[in-house]
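Geometric and topological summary
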Amino acid sequence: MEPAAAANGIPPVAAVLTVFALVFAAIGWLRLIVAGFREGTLFGLAALFLPPVALIGLAPRWRQHREIYYLALGALVFISIAGIF
């Protein structure tokens, strides 16, 4: 007999890891938007609509904004582990 969670197609561990990844990504994106608008209006709009481009734009000042990169890395790790399950 299969567990009840397997009936919907996603294991419970993968679901929890996906939620953590989404929360980390959302917090990181909001912090990226705030940091982007502190740099300038155009950069803030890039952070709003093109977050990967804004992350690349912040790369020269990554030590100031390392929390954003840690959150993005955490989201990537969690979603990668969830993909394995």
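Quick look at the structure, then. Keep in mind that what you see is a predicted model, and the values were worked out from it rather than measured. (Residues numbered from 1 in each chain as written. Predicted model: local features only at pLDDT ≥ 70, side-chain atom pairs only at ≥ 80, totals over all residues. Heavy atoms only, no water.)

Before going further, it helps to spend a moment on the pattern of salt bridges. Taken as a whole and judged by the stated rule, the model has two salt bridges. One salt bridge in this structure joins Glu67 and Arg31, with 3.6 Å as the shortest N-O distance. Of this pair, Glu67 sits in helix α4 (residues 66–84) while Arg31 sits in helix α1 (residues 12–39), placing them 36 residues apart in sequence. Judged by relative accessible area, Arg31 falls into the partly exposed class, the value being 41%. Residue Glu39 is joined to Arg61 by a salt bridge in which the shortest nitrogen-to-oxygen separation is 3.4 Å. Taken together, the residues Glu39 in helix α1 and Arg61 in the loop between α3 (51–57) and α4 connect sequence positions 22 residues apart. Glu39 sits in the partly exposed class, given a relative accessible area of 37%. (Salt bridge = Lys/Arg side-chain N within 4 Å of Asp/Glu carboxyl O. Helix = DSSP H or I, 4+ residues; strand = E, 2+ residues; numbered from the N terminus. Buried < 20%, exposed > 50% of the residue type's maximum accessible area, 1.4 Å probe, protein only.)

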